Amino acid sequence: MKRPKKIALIIISILLTLYFIASVIVPKKVDAKYNTITLKPPYKVSAKAQELYNSLDFIADMHCDALLWKRNLLKKNDFGSVDIPRMIEANVSLQAFTIVTKAPKKMNFDNNTDETDAITLPYILQRRPINSWFNLTNRALAQCEALHEFENESKETFKIIKSVSDLEQYLANRKKNKNITAGFLGIEGMHALNGKLENVDKLYDAGVRMMSPVHFFDNKLGGSAHGVSKEGLTDFGKQVIKKMQAKNMIVDISHSSPKLLDDIFEISTKPIVSSHTGVQGTCQTVRNLSDKHLKQIAESGGLISVAMFEPATCNNTPASTAKAIKYCIDLVGVDYVALGSDFDGAIEIHTDITGLPIYVEELLKLNISKEDISKVMGGNVKRFMLKNLPR
Ligand SMILES: [Zn+2]
């Protein structure tokens, strides 16, 4: 072999080895660094709260970003909030796995553009498929595929719900065996469509059943609460919402600018969900919903899924989440209120998923009845999904 060729081969092998080592070490370190938990498990609550928690027939959470980190969800991890063993341990029936495909560097709550992208490097280091490194639709498809792989390897302990009949079958199975759990796929920010309406079909075919128009920056559909324009729905945005609702995909309004919210309610013909939100009534930040929009969600027959982290509740405690839940119940009635933790959303959260009994304890302290707690903890999600998923 000629000398320059030999040197090139040596350099390539060194680079590949370094890449391999980095891909083993870095993603786990980044995951553990960004998804922190204030109070470590195991969690203790009063006998009354634990008994009520254990009696719940369907516990559900409408938002988590666990798929972003390439974590092995089949294994019980000692970092982050969600994996399949901990979902089963927590008696959780349904977890939304919401996909993030692009996030601005130096992300903030007030003013982000789409010019930077903090997801490219993690995708490369996570050894995702090369076609997903620089392509947002493919990034979403890679996360869908990852959840399907977990389902395939879960020995029937984990099911992805895509239809009413899937859910009915799963509910029948779960009556016989509590050691199984389920999830469904969502997307945060429809820049994941790469600007193409037909990609709605592609993502639907990959199992996605819920999508929010925007995430942290404005995109081709309209303005984010954290973007620059604060605009409403574009014509493309309107086409996408219509197409989604025709396919019985759930429209999630999380992160929308107030004008975008108004426009979505104006054209929507189906129930609207906020998969992870706080409320202006207990915490005035740009990401939280006003009373007007909370009432519009309820009028649509949708769900207000209350989040569990500081920018949503102004305090990273279960008590502050419970306070926001109570506010929603008092404002619109209990039937439209749910949990939307934002587990593993690059946030500090009070507990991992096995800490959900603490939220029951806090709801009891606010004199919320057992029946209403059962609706908030998952009963409403079950009813909603049975009614609104595709047949
Ligand atoms: Zn979010």
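In case you missed it, the structure is sitting above this.
The rules behind the values
- Position numbers for residues start from 1 in each chain and track the written sequence from start to end.
- The predicted origin of the model limits local features to residues at a pLDDT of at least 70 and limits the giving and counting of side-chain atom pairs to 80 or more, whereas totals for whole chains, interfaces and linings rest on all residues.
- Working definition: helices are DSSP H or I runs of at least four residues, strands are E runs of at least two. Numbering for both runs from the N terminus.
- What the globule rule says is 2.2 Å times the number of residues to the power 0.38, and the radius of gyration is computed from C-alpha atoms.
- Here the C-beta atoms are placed from the backbone, and a residue counts as buried if at least 20 other C-beta atoms lie within 10 Å of its own, exposed if 12 or fewer do, and partly exposed otherwise.
- Think of it this way: build a C-beta for each residue from its backbone, and any pair within 7 Å is a contact.
- Under the convention used throughout, the expected extent of a helix is 1.5 Å for every residue step, that is, one less than its residue count.
- The term bend refers to the angle at a residue between two fitted axes, each drawn through seven residues, those ending there and those starting there.
- Crossover handedness is defined by viewing with both strands directed away from the observer: a clockwise path from the first strand over the helix to the second marks the crossover as right-handed.
- By the convention used here, strands pair only if DSSP detects at least 2 bridges between them.

Draft legend 1. Expanded view of the overall build of the protein. Each helix and strand in the protein was counted, giving 14 helices and 11 strands. Against the 2.2 N^0.38 benchmark of 21 Å for 391 residues, the protein shows a C-alpha radius of gyration of 21 Å, consistent with a compact globule. In terms of overall dimensions, the protein has C-alpha extents of about 80 × 50 × 40 Å along its principal axes. Across the 391 residues that make up the protein, the buried fraction comes to 51%. Pairs at least 24 residues apart make up 73% of the contacts formed inside the protein by residues separated by at least 6 positions.

Draft legend 2. Local environment of the environment of Thr 277. Position of Thr 277 relative to the elements: it lies in strand E8 (residues 272–277). By the C-beta count within 10 Å, which is 29 here, Thr 277 ends up buried. Residues Thr 277 and Ala 22, spaced 255 residues apart in sequence, show a C-alpha to C-alpha distance of 35 Å.

Draft legend 3. Main features of the environment of Ala 172. Its place among the elements puts Ala 172 in helix H6 (residues 164–176). The class for Ala 172 is exposed, based on 9 C-beta atoms found within 10 Å. Separated by 119 residues in the primary sequence, Ala 172 and Asp 291 place their C-alpha atoms 38 Å from one another.

Draft legend 4. Structural context of unusual backbone geometry. Each neighbour pair has its own omega, and for Pro 41 with Pro 42 the value is 0°, a cis peptide bond. Looking at the secondary structure, you find Pro 42 in the loop between strand E1 (36–37) and helix H2 (47–55). Here Asp 344, not a glycine, exhibits a phi torsion of approximately 60°, which is positive. One can find Asp 344 in the loop between strand E10 (337–339) and strand E11 (348–349). The class of Asp 344 is buried, set by 27 C-beta atoms lying within 10 Å.

Draft legend 5. Molecular detail of helix H1 (residues 3–34). Across its 32 residues, H1 extends 45 Å between first and last C-alpha, which sits within 8% of the 46 Å expected from 1.5 Å per residue. Helix geometry: H1 is bent most strongly at Ser 23, by close to 30°, with proline Pro 27 lying one to four residues after it. Of all 32 residues in H1, one are buried; the element is thus mostly exposed.

Draft legend 6. Geometry of helix H13 (residues 356–365). Where burial is concerned, most of H13 is hidden: eight out of the 10 residues are buried. Those residues of H13 that sit buried are Leu 356, Pro 357, Ile 358, Tyr 359, Val 360, Glu 361, Glu 362 and Leu 363. Elements that come into contact with the buried residues of H13 comprise H2, helix H12 (318–332) and helix H14 (370–388). Immediately downstream of H13, the backbone of Asn 367 shows phi near 60°, a positive value.

Draft legend 7. Highlighting the environment of Leu 331. Counting through the fold element by element, Leu 331 comes out in helix H12. On the basis of neighbour count, Leu 331 is assigned to the partly exposed category, with 16 C-beta atoms found within 10 Å. Taking the C-alpha atoms as reference, Leu 331 lies 9.7 Å from Gly 281; in sequence the two are 50 residues apart.

Draft legend 8. Region of interest: the pairing of strand E3 (residues 94–100). Where burial is concerned, most of E3 is hidden: seven out of the seven residues are buried. Alternating positions in E3 separate into two faces, Leu 94, Ala 96, Thr 98 and Val 100 on one and Gln 95, Phe 97 and Ile 99 on the other, with burial throughout. Between the parallel pair strand E2 (residues 60–61) and E3, the chain is carried across by helix H3 (residues 84–89), and the sense of this crossover is right-handed. Bridge count between E3 and strand E5 (residues 181–188): seven bridges; the pairing is parallel. Bridge pairing in E5 places Leu 94 opposite Ala 182.

Draft legend 9. Structural view of the pairing of strand E6 (residues 208–212). Of all five residues in E6, five are buried; the element is thus mostly enclosed. Relative to E6, E5 runs parallel, the two sharing four bridges. Bridging across to E6, Glu 188 finds its partner in Ser 212. In this region the chain leaves E5, passes through helix H7 (residues 199–205) and returns to the parallel neighbour E6; the handedness of that crossover is right-handed. Here E6 runs beside strand E7 (residues 250–252); their pairing, made up of two bridges, is parallel. Residue pairing across strands places Met 211 opposite Val 251, the latter belonging to E7.

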